[in-house]
Amino acid sequence: MFLAGGCCFLLLGRLERQRIPPSVKLLTGAGVVTAVELAAGLLFNRSHQIWDYRSLPMNFQGQICAPYSLLWIPVSGGAMAIHRVITGKMQGEEDSAG
């Protein structure tokens, strides 16, 4: 799951740099996280030992569900903000070093 989280963080960072409305970024970010969660689930969570959404409403094969997809909206916004701060600090360090 560490790999899936890192993948999501990098994808959300790329999304954050796009010139699209913030609401579209948030919804797209939630879609990105849900897609990565589904891919990771289908690969690594076949026996539902890591997570199991089968008891939650509107789930797909117990790997993803609507309630968590909605939760990823603010989470992706937070991740994009953190990515922006980290990138800004790294660019600031590069500017002062050069």
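Look a little higher up for the structure.
A quick note: this is a predicted structure, and the numbers were derived from the prediction, not measured.

(A) Structural detail: helix 1 (residues 2-16). Compared with an ideal rise of 1.5 Å per residue, which puts 15 residues at 21 Å, helix 1 spans 21 Å between its outermost C-alpha atoms and is within 8% of the ideal. Listing the buried residues of helix 1 in full gives A4, C8, L12, G13, L15 and E16.

(B) Spotlight on the environment of I20. By secondary structure assignment, the location of I20 is in the loop between helix 1 and helix 2 (22-44). Assessed through its relative accessible area of 32%, I20 is described here as partly exposed. Not counting residues up to four positions away in its chain, the partners in contact with I20 are L15 and K25.

(C) Layout of the nonpolar core. Grouped together as the largest cluster of nonpolar side chains are 14 residues, with contacts concentrated most on L12, V33, Y53 and W72. Those residues in contact with V33 that lie beyond four places of it in its chain are C8, L12 and W72.

(D) Main features of the pattern of salt bridges. Enumeration according to the criterion identifies two salt bridges in this entry. The salt bridge involving R84 is made with E16; its shortest N-O contact spans 2.6 Å. Of this pair, R84 sits in helix 3 (residues 66-97) while E16 sits in helix 1, and the two are 68 residues apart along the sequence. One salt bridge connects D52 with R54, and the closest N-O pair in it is separated by 2.7 Å. Look at D52 and you get partly exposed, because its relative accessible area is 34%.

Conventions and cut-offs
- Residues numbered from 1 in each chain as written.
- Predicted model: local features only at pLDDT ≥ 70, side-chain atom pairs only at ≥ 80, totals over all residues.
- Heavy atoms only, no water.
- Helix = DSSP H or I, 4+ residues; strand = E, 2+ residues; numbered from the N terminus.
- Expected span 1.5 Å × (residues − 1).
- Buried < 20%, exposed > 50% of the residue type's maximum accessible area, 1.4 Å probe, protein only.
- Contact = heavy atoms within 4.5 Å.
- Core = buried A, V, L, I, M, F, W, Y, C linked by side-chain atoms within 4.5 Å.
- Salt bridge = Lys/Arg side-chain N within 4 Å of Asp/Glu carboxyl O.

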